[in-house]
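# Structure assessment
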Amino acid sequence: MRSTPIARHLLPDSATVDASGMLCVGGIRLDELADSFGTPLFVYDEDHLRARCREARQAWGDGVAYASKAFLCIAMARLVHQEGLRLDVASEGEMHVAIKAGVPPSSLVLHGNNKSDSEIASALSYGVGRMVVDSFDEIHRIEEIVSKMDGPGRSPQALMVRINPGIEAHTHEYVRTGQADSKFGFSIDNGDALSAARRIIQMKGVELAGLHAHIGSQIFDVGHFEEEVKLLVGLAGELAGDVGAEMGGLPGSGGAGESFGACDPGGFELCIGGGLGVAYLSDESAPTISRWAQAVSQVAGESGGDPRLRITAEPGRAIVAVAGMTLYTVGTVKDIAGIRTYLSVDGGMSDNPRPVLYGSGYEAFLAREAYAERSRRVRIVGEHCESGDIVVADAMVPADVSVGDLLVTPVTGAYGYSMASNYNKVPRPAVVWVSSGGAKVVVRRESLDDMCRLDAG
Ligand code: LLP
């Protein structure tokens, strides 16, 4: 039985405990945040977000993107852009938020296994930095739409081909994407990946800027990414050889064009996607972004790829997960003798569906005694009308937990707010960023009236 205090590595960089035992983030006590903004509340350490973006930029260099699906709002899109990362957007909606935030379209990378005509057309007219092509149907659609838009002076749209590398990463099956049986990408094994790349090379109005793969999410073993990059380097080599005449060879390979297509001077891009895992539980530990990049780049170098191939990535979770935490108020303590104790909080599956979807585990602690021993085993549940509405199935909390306590689940910065819903017409929480003693609301709390805002009458 665990009876240890919460582990430091699950808390944002700026977390401290004041003399009374209260956790502070960004120099502000959590109880003050709860008093000012209410609960449930998402609290992010802005400096932590910036530090992880800088680490990613430093480790991967030019072209690294933040996978915005992990957490996106206007402030986040701006922060990521200010820190020099591109933004991976996987829908028209994510693209719209990024553009509204003022991110230049050239810094966007558009994904999607079923991009609509309107999505493709708006990406082309914005001139997004990259479109990652996922299927032959999409290639066909792009060809048609480009042919209607093409005019003199229009620069070719940079495309990347999404490769399915056939790698089964050790993670939850719902967030595994690189195995052969997947809706994503072109298989290397059956030759589709090469055919798709060749077809794009021959198309008018577009250019092949690189290859992309993503093997899944919440992966701790960097060996999977090493395996992935080897496959990408191998495929780039095959492409350079097979289509050297049209392409001018890989950059620096002496080919006529001195570039792989007309992509930017940084060279032909091989993006390994996102997927780096983070620790959610005290006894877990994950590789840092720097370690991940170093391991992958080293293997890419050893795989005999052209040194001017640009290896990039698009982490989501590793940038935002630990920066964020959720504050709840304990509303009910129900002790069923001989069975278990239920702590009900004022949120649940509507602000964090991950436990229900993936059986994900979290830790919990009380804001007022952040580093206290946690000796009482409880089940933390939400306020929704389902028994599956579990926040932490098997949590250890301080023995004196009681109604009115401010309870914190750390590491909720990724795929929490972004997957939140209005189930049971529960308004979504506010999102607050803290830094150097200041707090700002970056997403306001929904009101009860918001629960009817889409109703037609
Ligand atoms: N790139 C692509 C193409 C992706 O599909 C994803 C995530 C990422 C990058 C970022 O992956 P990350 O670094 O965040 O692992 N809702 C799930 C995670 C789904 C991930 C989907 N794709 C969860 O809560 O665990």
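Attention now moves to the domain arrangement of the protein chain. The figure often quoted for interface size is the accessible area lost as the parts come together. Partitioning the protein chain into domains gives domain 1 (8–45 + 322–452) and domain 2 (46–318). For domain 1 versus domain 2, the distance between C-alpha centres works out to 34 Å. Across the boundary between the two partners, domain 1 contributes 29 residues, which contact 24 residues of domain 2. Between domain 1 and domain 2 lies a buried interface of about 2400 Å² when both sides are counted; carbon and sulfur atoms form 60% of it. On the domain 1 side of the contact with domain 2, Y358, Y415 and W433 bury the most area, a combined 26% of that side's loss. A salt bridge links R52 to D13, with the shortest nitrogen-to-oxygen separation between them at 3.2 Å. The tally of links between domain 1 and domain 2 comes to 14 residue pairs in polar contact (both at pLDDT 80 or more).

Take the environment of E386 next. Along the chain, the position of E386 falls in the loop between strand 17 (376–381) and strand 18 (390–397). For the pair formed by E386 and P353, sequence separation is 33 residues and the distance between their alpha carbons is 12 Å. Not counting residues within four places of it along the chain, the set of residues in contact with E386 comprises M349 and Y423. A distance of 2.9 Å separates polar atoms of two side chains, one belonging to E386 and the other to Y423.

Below, the discussion takes up the pattern of salt bridges. Opposite charge on two side chains lets them pair, provided their charged atoms get close. One pass over the full model with this rule turns up 24 salt bridges. In this structure, E83 engages R54 in a salt bridge whose closest nitrogen and oxygen atoms are separated by 2.7 Å. One end of the pair, E83, is in the loop between helix 3 (74–82) and strand 6 (86–89); the other, R54, is in helix 2 (residues 46–60), and 29 residues separate them in sequence. For E83, a relative accessible area of 12% gives the class buried. Between E138 and K115 there is a salt bridge, with the nearest N and O atoms lying 2.7 Å from each other.

Attention now goes to the packing of aromatic side chains. All chains considered together, the criterion is met by six aromatic pairs. For the pair Y44 and F71, a centre-to-centre distance of 4.5 Å together with 20° between the ring planes defines the contact as stacked. Of this pair, Y44 sits in strand 4 (residues 41–45) while F71 sits in the loop between strand 5 (65–67) and helix 3; the two residues are 27 residues apart in sequence, bridging distant segments of the chain. Classification of Y44 by relative accessible area gives buried; the value is 0%. Centroid distance Y280 to Y362: 5.3 Å. Interplanar angle 80°. Geometry classified as edge-to-face. Of this pair, Y280 sits in the loop between strand 12 (269–271) and helix 10 (289–302) while Y362 sits in the loop between helix 12 (354–358) and strand 16 (365–366), placing them 82 residues apart in sequence.

Further remarks concern the pairing of strand 8 (residues 130–133). Side-chain alternation along strand 8 places R130 and V132 on one buried face and M131 and V133 on a second face that is also buried. As a crossover connection, the stretch from strand 7 (residues 108–110) through helix 5 (residues 117–126) into strand 8 is right-handed. Note that strand 8 and strand 9 (residues 157–164) share three bridges and pair parallel. The residue of strand 9 that forms the bridge with V133 is V161.

Buried residues of helix 5: E119, I120, S122, A123 and L124, and no others. Its buried side turned inward, helix 5 meets helix 4 (92–100), strand 7, strand 8, helix 6 (136–149) and strand 9.

Turning our eyes to something else, we now look at the site of the ligand. Around the ligand lies a shell of 19 residues, among which S217, E314, R354, Y358 and Y415 are the nearest. Contact distances for the ligand include 2.8 Å between an oxygen atom and a backbone N or O atom of G275. One nitrogen or oxygen atom from the side chain of Y358 is found 2.8 Å from a nitrogen atom belonging to the ligand. Compared with its free state, where it exposes 580 Å², the ligand has 91% of that area covered by protein.

A few words on the nonpolar core. Ranked by internal contacts, the top residues of the largest apolar core, which has 133 residues, are L30 and M76. Ranked by the residues each element gives to this core, the list is headed by helix 8 (residues 222–242), at eight residues. In this structure, this core is formed jointly by two domains, domain 1 (8–45 + 322–452) and domain 2 (46–318), each of which donates at least three residues. Core analysis: the second largest hydrophobic core is formed by five residues, A65, V109, V132 and C271 among them.

What counts and how
- Residues numbered from 1 in each chain as written.
- Predicted model: local features only at pLDDT ≥ 70, side-chain atom pairs only at ≥ 80, totals over all residues.
- Heavy atoms only, no water.
- Domains from an automatic or database assignment.
- Contact = heavy atoms within 4.5 Å.
- Buried area = accessible area lost by both parts, 1.4 Å probe.
- Salt bridge = Lys/Arg side-chain N within 4 Å of Asp/Glu carboxyl O.
- Polar contact = N/O pair within 3.5 Å; in protein donor to acceptor, adjacent residues only side chain to side chain.
- Helix = DSSP H or I, 4+ residues; strand = E, 2+ residues; numbered from the N terminus.
- Buried < 20%, exposed > 50% of the residue type's maximum accessible area, 1.4 Å probe, protein only.
- Phe/Tyr/Trp six-rings, centres within 6.5 Å; stacked < 30°, edge-to-face > 60°.
- Right-handed = clockwise from strand over helix to strand, strands pointing away.
- Pairing = 2+ DSSP bridges.
- Near = heavy atom within 4 Å.
- Areas by Shrake-Rupley, 256 points an atom, 1.4 Å probe, with all protein chains shown as cover.
- Core = buried A, V, L, I, M, F, W, Y, C linked by side-chain atoms within 4.5 Å.

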